[in-house]
Amino acid sequence: MDANTFSNRVSSLTNDSCQFLKDIGAWNYVEQRRTCPIEEMQVWDGISGARINFSAADLPLQTTEMSRMTENLNLQRGLLKHLSRIPEVQLLDNVRVTAIEKEGEANGWPLVRLSNGQTFRTRLLVGADGPNSPVRTFAGITTHGWAYDTHAVVATLSHAPRTPFQPPNTTAYQRFLPTGPIAFLPLSPTESSMVWSTKTALVAALKSVDPSMLVTFINAVFRLPEVSIRYLHDLLLSSVASRKALTVDEVREEILWRERSHNISATSAYSSALSAGEVGIPPEDSEFLPPLITSIQPGTVASFPLRYSHADAYIGDGGRIVLVGDAAHTVHPLAGQGLNAGLADVQVLARTIETALLQGGDIGSRTALLPYTRARWFENHKILSAVDKLHKLYSTTFPPVVWARSVGLEVINELDTIKVALMITAGGGGGGPRADGSGWRWDVAAKGLENFNSTADTAKVVGSGLVNVVGIGLQRLGNALSQVGRR
Amino acid sequence: MALREVIVSNAAAVRKRPMFPLCGRGIANNVNTVDASEIELFSRLSSQWWDEHGEFAMLHKMNPVRMEFIKQKLQEVQWEEGTCSASSSATPLEGLDILDVGCGGGLLSESLARLGARTTGIDASEANIGIASTHAVRDPQFARSAKSLKYLHTTAEALLAEGKQYDVVCSMEVIEHVNTPSEFLHICAQLVKPGGHLFLSTISRTPVAYALTILAVENVLGIVTPGTHTYSKYIKPSELLSFFQEYPTRFASKTGEHGRPWITRLYNGLPSRKEADVRGLIYVPWDGRWTLTGRSSTSIDFDLSTLCNYIFWVRKPNGSV
């Protein structure tokens, strides 16, 4: 593939996931030039502008990155190459599964029939076959969940490189709008990926317009106040409904007018109507925003529906079947946790199988697989519901909620070490599920609370008397936990 | 919980079951141990052996822990004697002849065979042997090399009469179901090659064990068929230890064997690490699995970890017959 063309389906690999891929030797086969480190993240509230920034530099680790972006294709190619070099692994391509049947009586093994006439009798059938998993259906495992009223629009964006006065293009941006978050994910100095989740009706309209119009919209959506974005959405929808084509110039004019009425200076980074990509001293606030998009790579605009779903069990009733990844759970992409949760599933499953083998167990038996479910189901449930709640929290425009979430975000932003704990929980730490040093994580939390007194002022939410009591109490708790963790 | 070694039914022995199983010294000339009723019970339950949700769910979960202990002990001895074989870590039991007495549905036998041991599972219940064989045949791992795993509907006595001996003899959850445990141990002991190993797992005779294995599991929760366990047949670890302190001398009149006792002496109530070991098996409900407790540092009489289920290992001295 051309070095400057990028596929539209990308993933963010946390440090934990990268370490896992390195441990199994697959990372060597992933083309490094087509991966991009994320060293910082800027996340802000679309209504209040409350902002939190995460930086890998805050992590008490050697690594300078929080995660690594790569195209799914690049990762898949690397994994396939790695597999093809393992003699025990037999890869079958250009073959479909035509049927999965149960052999004979109650506890029969699954029979997997292929389009090339082969049939496999499987001691253990791993369902890694995506959200509509046929393996899951065969096993009769039910799922719970719901479809969101949103789709995600993806595209590969081109933009000018960051200037020497700015940090490199290794910052991910995400703005939470009531219609859904829009994310900017760097892939190279001049290419980045976009994931824009928004209302279903709007998605169809966005996909139908001219690419230059879409560019204008994307730039505005990262910058304009929410009220104006809502207006632009309505403008687009009504033009589609009335079949009266909107021209790019009309939209630019509209945006320019709105910027003026919002008092956005033409030299500010928040101004998007001016020609993009000028080289020179960048505006002061440029680090808060992604670079201005100049074009969209042809053929990369696509969309997919978003669903929350979680399988009620990961193991088939009589054993022999186990689910991992999207077959077991799907999640809103706003936190970039879907693939990482899947990789963690695989890591734990591999370890579970290894343990069973060392003890002479039957790796397809329910008993052998139970530790996998125990380690992963609740863990995934936590991630899934946290992401789901986050999505719902930011879908509202109800002022008290907006105020509360904004204060919360700003408070967390001031508590550096709490942020670190958040990043580690999100998998940025690099310790992996094997990490034994949970003690230092609590150290981090305790240290963060030492700053509680000084930083709580910024939030202006807690009375000063209470601050002392709560702060000291929490700090003691944190210290106690770190003691326990060290043992 | 599991099987039942039968050896010629002896009605008198059933009736006069000693209150403390291993204290009875007198052993009738015609060997015996069993309980026909026990065999009948387990034959009735045999179809459930491989149902991981059913009656034997707890046993399925216990299996990995028992395997872990067996592997550990065998490796420990190998390291100590510098006979660490070059066998791969996938099949650490390669080259060993192992007998599983009272194999039931074959839970332990299959695992032993997977780790490379030439395994023989025997059971007094024909139904159990039928279930175990059928289950193994469906697994291609065993179908390919029939040598690695075979099941026989026979008794330990019969094998002994044939003059068979094994590197390792295991009898898991069996001794609490036999009529004359001392005789049963004597038979198992003779089936072990000199320098070989005997593994037993069973339940201690304590109020805790009664509350958990009979009151809770059978009567209240109904997980296991009532009547599976008989409290008076439970054996304390200390009774096993003292049995092997006197073994084989106590049987000298019968066998003419005056060899070194299997356990020479106890140190603060515990055997030497090279001669025998007792470890508790504890079910952790919130974890859904069994754990193997560490080596006790106090006298076995005061060891809380072996109050209920425990696993026992003893080694036959090299000079024995």
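Residues numbered from 1 in each chain as written. Chains lettered and ligands numbered in written order. Predicted model: local features only at pLDDT ≥ 70, side-chain atom pairs only at ≥ 80, totals over all residues. Heavy atoms only, no water.

1. Considering the sheet that holds strand β1 (residues 97–101) of chain B
Residues and elements named next belong to chain B. Selection rule: What makes two strands pair is DSSP finding at least two bridges between them. Secondary structure elements are taken from DSSP: a helix is a run of H or I of four residues or more, a strand is a run of E of two residues or more, and numbering for both begins at the N terminus. Here the axes come from fitting lines to C-alpha atoms, over the contacting stretch only for helices, and the angles between their N-to-C directions go from 0 to 180 degrees. It only takes one pair of heavy atoms within 4.5 Å for two residues to be counted as in contact.
Strand order in the open sheet formed by 8 strands is β3-β2-β1-β4-β5-β10-β8-β9, with mixed pairing between adjacent strands. One side of each edge strand has no neighbouring strand; the edge strands of this open sheet are β3 (149–152) and β9 (289–292). Sheet twist, expressed as the average angle between the axes of neighbouring strands with direction ignored, equals 20°. In this structure, strand β8 (residues 276–284) lies alongside strand β10 (residues 309–315), joined through 6 bridges in antiparallel fashion. Its bridge partner lying in β10, A276 is registered against V314. Helix α5 (residues 126–137) rests against β2 (118–122) and β3 of the sheet, and its axis sits at about 160° to β3. Each of β1, β4 (166–172) and β5 (192–203) is contacted by helix α8 (residues 181–191), which is oriented at about 145° to β5, the strand it contacts most.

2. A closer look at the interface of chain A and chain B
This is how it is decided: The quantity reported as buried area is the accessible area (1.4 Å probe) lost by two parts once they are put together, taken as the sum for both. Salt bridges are counted wherever a side-chain nitrogen of Lys or Arg sits within 4 Å of a carboxyl oxygen of Asp or Glu. Under the rule applied, a polar contact is a pair of N or O atoms within 3.5 Å (in protein, one hydrogen donor and one hydrogen acceptor; residues adjacent in sequence only if both atoms are side-chain atoms). When residues are sorted by character, Ala, Val, Leu, Ile, Met, Phe, Trp, Tyr, Cys and Pro go into the nonpolar class, Asp, Glu, Lys and Arg into the charged class, and all the rest, Gly among them, into the polar class.
With 18 residues of chain A in contact, the opposing surface of chain B contributes 22 residues. When chain A packs against chain B, close to 1600 Å² is buried across both sides, 40% of that on carbon and sulfur atoms. It is A:L358, A:Q359 and A:T367 in chain A that bury the most area against chain B; as a group they hold 33% of the surface buried on that side. Along the contact surface separating chain A from chain B lie 2 salt bridges. A salt bridge links A:R123 to B:D139, with the nearest nitrogen and oxygen atoms 2.4 Å apart. Taken together, the links from chain A to chain B amount to 12 residue pairs in polar contact (both at pLDDT 80 or more). Elements supplying a minimum of two residues to the side of chain A that touches chain B: α8 (338–358) and α9 (366–393) of chain A. The leading source of residues in the side of chain A that touches chain B is α9(A), at 4 residues. Residue classes in the side of chain A that touches chain B are distributed as 4 nonpolar, 7 polar and 7 charged.

3. Topic: the environment of B:G195
All names here are of chain B. Looking at where G195 falls in the secondary structure, it is placed in strand β5. Put simply, G195 and G319 are 124 residues apart on the chain and 7.7 Å apart in space, counted from C-alpha to C-alpha. Once residues within four sequence positions are removed from consideration, G195 is found in contact with R315, K316, P317 and N318.

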